[in-house]
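Next come the chains, spelled out residue by residue.
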Amino acid sequence: MLEHLGEELTLRFPIGGTEIAFNLVVMAVAVAVAGGLVLLSLWIRRGLSPDPDAPLSRRAALVAAAIDFFRDQLLGGVSPQLGERLLPLVATLFLYVLLCNWIGILPIPYIVSPTQDLNVALGLALLVYGSTHYYGIRTKGVRRHVAGYFEPFPFLMPLNILGDFGRTLSHGFRLFGNILGGALLAAVTPVVVLRIADLIPGVGRALGWVGQVPLAVGLNLVFGLFFGGIQALVFALLAAAYIQVTAD
Amino acid sequence: MELEAVVQAAKYLAAGICMGIGAIGAALGEGMIGAHALDAMARQPEMANTLLRTMVIADAIAETTGIYSLVVAIVLLFVV
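A few points on the structure.

Time to look at the overall build of chain A. Per the secondary structure count, chain A includes six helices and two strands. Helices and strands in chain A line up, N terminus first, as β-β-α-α-α-α-α-α. Taken along its principal axes, the extent of the C-alpha atoms in chain A is 75 × 60 × 35 Å. Taken over 248 residues, chain A has a buried fraction of 28%. Considering only residue pairs separated by 6 or more positions, chain A has 65% of its internal contacts joining residues 24 or more positions apart.

If you tally the helices and strands in chain B, you get two helices and zero strands. Overall, the C-alpha framework of chain B stretches about 65 × 15 × 10 Å when taken along its three principal axes. Taken over 80 residues, chain B has a buried fraction of 11%. Residue pairs in contact within chain B that sit at least 24 positions apart in sequence constitute 82% of those at least 6 positions apart.

Moving on, we get to the interface of chain B and chain A. Between chain B and chain A, the contact holds 13 residues from the first and 16 residues from the second. Looking at the side of chain B that touches chain A, its residues break down into nine nonpolar, two polar and two charged.

Our focus in this paragraph is the nonpolar core. Of all hydrophobic cores here, the largest spans 45 residues; its most connected members are V90(A), L93(A), V97(A), F235(A), A236(A), A239(A) and A240(A). A per-element tally of this core places helix 6 (residues 204–247) of chain A first, with 12 residues. L93(A) has contacts with L124(A), F235(A), A236(A) and A239(A), leaving out every residue within four places of it along the chain. Grouped together as the second largest cluster of nonpolar side chains are five residues, A15(B), C18(B), I67(B) and A73(B) included.

All names here are of chain A. The interhelical angle for the contact between helix 3 (residues 80–103) and helix 6, taken along N-to-C directions, is 155°, at an axis separation of 9 Å. Looking at the two axes, helix 3 sits roughly antiparallel to helix 6. As for the relative orientation of helix 3 and helix 6, their crossing is right-handed in sense. Each residue belonging to the contact of helix 3 with helix 6 can be placed in one class, and the counts come to 17 nonpolar, six polar and no charged.

A separate point is the pairing of strand 1 (residues 10–15) of chain A. Residues and elements named next belong to chain A. Among the six residues of strand 1, zero are classified as buried, and the element is accordingly described as predominantly exposed. Across six bridges, strand 1 lies against strand 2 (residues 18–23) in antiparallel orientation. Looking at strand 2, one finds that T10 is bridged to N23. The hairpin turn running from strand 1 into strand 2, its antiparallel successor, is two residues long, and G16 in that turn takes a positive phi close to 60°.

Tracing the backbone shows L237(A) in helix 6. Along the sequence, L237(A) and F94(A) sit 143 residues apart, while their C-alpha atoms lie 8.6 Å from each other. Not counting residues within four places of it along the chain, the set of residues in contact with L237(A) comprises L74(A), R53(B), V56(B) and I57(B).

We now examine helix 1 (residues 2–43) of chain B. All names here are of chain B. Between the first and last C-alpha of helix 1 there are 62 Å, a value that for 42 residues agrees with the 62 Å anticipated at 1.5 Å per step. The axis of helix 1 is deflected most strongly, by about 25°, at I24. Burial of helix 1 is sparse: only two of the 42 residues sit out of reach of the surface.

All names here are of chain A. Following both chains from N to C, one finds helix 4 (residues 118–147) and helix 6 inclined at 35°, their axes separated by 8 Å at the closest point. Helix-helix and strand crossings are classified by hand; for helix 4 and helix 6 the assignment is right-handed. Residue-level inspection shows V128, S131, T132, Y135, G136, T139 and K140 of helix 4 in contact with helix 6, the latter providing A239, Y242, I243, T246 and A247. When its residues are assigned to classes, the contact of helix 4 with helix 6 shows six nonpolar, five polar and one charged.

Over its 32 residues, helix 2 (residues 48–79) of chain B runs 43 Å from end to end, which matches the ideal 46 Å to within 8%, given 1.5 Å per residue. Where helix 2 of chain B bends most, at T64(B), the angle is about 40°. Listed in full, the buried residues belonging to helix 2 of chain B are A60(B), E63(B), G66(B), I67(B), S69(B), L70(B) and A73(B). Elements that come into contact with the buried residues of helix 2 of chain B comprise helix 5 (157–198) and helix 6 of chain A together with helix 1 of chain B.

Here we take up the environment of V25(A). Inspection of the secondary structure assignment puts V25(A) in helix 1 (residues 24–46). Linking V25(A) and L87(A), residues 62 residues apart in sequence, is a C-alpha distance of 30 Å.

Calculation criteria
- Residues numbered from 1 in each chain as written.
- Chains lettered and ligands numbered in written order.
- Predicted model: local features only at pLDDT ≥ 70, side-chain atom pairs only at ≥ 80, totals over all residues.
- Helix = DSSP H or I, 4+ residues; strand = E, 2+ residues; numbered from the N terminus.
- Buried ≥ 20, exposed ≤ 12 C-beta atoms within 10 Å, placed from the backbone.
- Contact = placed C-beta atoms within 7 Å.
- Nonpolar A, V, L, I, M, F, W, Y, C, P; charged D, E, K, R; others polar.
- Core = buried A, V, L, I, M, F, W, Y, C linked by C-beta atoms within 7 Å.
- Axes fitted to C-alpha atoms, helices over the stretch in contact; angles between N-to-C directions.
- Parallel < 35°, antiparallel > 145°, perpendicular 65-115°, else oblique.
- Left-handed = near helix turned anticlockwise from the far one by under 90°.
- Pairing = 2+ DSSP bridges.
- Expected span 1.5 Å × (residues − 1).
- Bend = angle between axes of the 7 residues up to and from the residue.

What follows is the structure, encoded as structure tokens:
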């Protein structure tokens, strides 16, 4: 009953002795989510009036509320000047990860959250790692940014670099593990419950099939919507925290 | 054939032990963080927003080792 879990539409290329696999579903869904975000922002932008004195439209109110949320919740711990520059990056990361987590609960075969693929999660973490250097150099200059790695003592430099590496790795693994674990649990639990219900003689089978529906819906709500939202928040918060640590 | 079955059994056992023991530390850590954050919020309710944000970050960091053991368990189950 769980055979579909390992099923993937994969394209394999042998390059130089190693085989490189492309998971087509994950790639398509990841690009589709990005495209959906672009369309959404274009649609919202059409509702905004260029005249600042115009009466507030509903889309403008939505944008204002969202920006307020990002400023208070995601960038509350960051200094105001850096926060203004970080806002587009962190808000985009949050929305992208959020939509990626949420798209997995659609009951369509083959559609899974792109973030439950390690490549997407680690790719996002590497993007954050790259932007720590970008913002560090932009704020402090190359000299002081590099000098930051030799603090507090020069011989601790390898440890600082290793720390960066481990931080990025755990940033990616955290998102990947949480989303994949939630998806696996939501897929496995109804099957296990069905098998247990089968042991009851007579009504067991019918009871299992009926009970499976609210169970699957509830698990998907908890793991997909709630934990997906929390993990997107954590991912964006940590991205802001990492960049702030490097840039200060 | 015999060996195959032993390897299968060892795989499932290893995944279960890995996840079970690995979850202890993360659970204890998150419990402590939550308890202390609640203490602080009860003492200073006006700080609740800042504390909540810091608590979520600390939770995520305490969870890291648990996530590592989850990844190892998943690798044991589906990849090895």
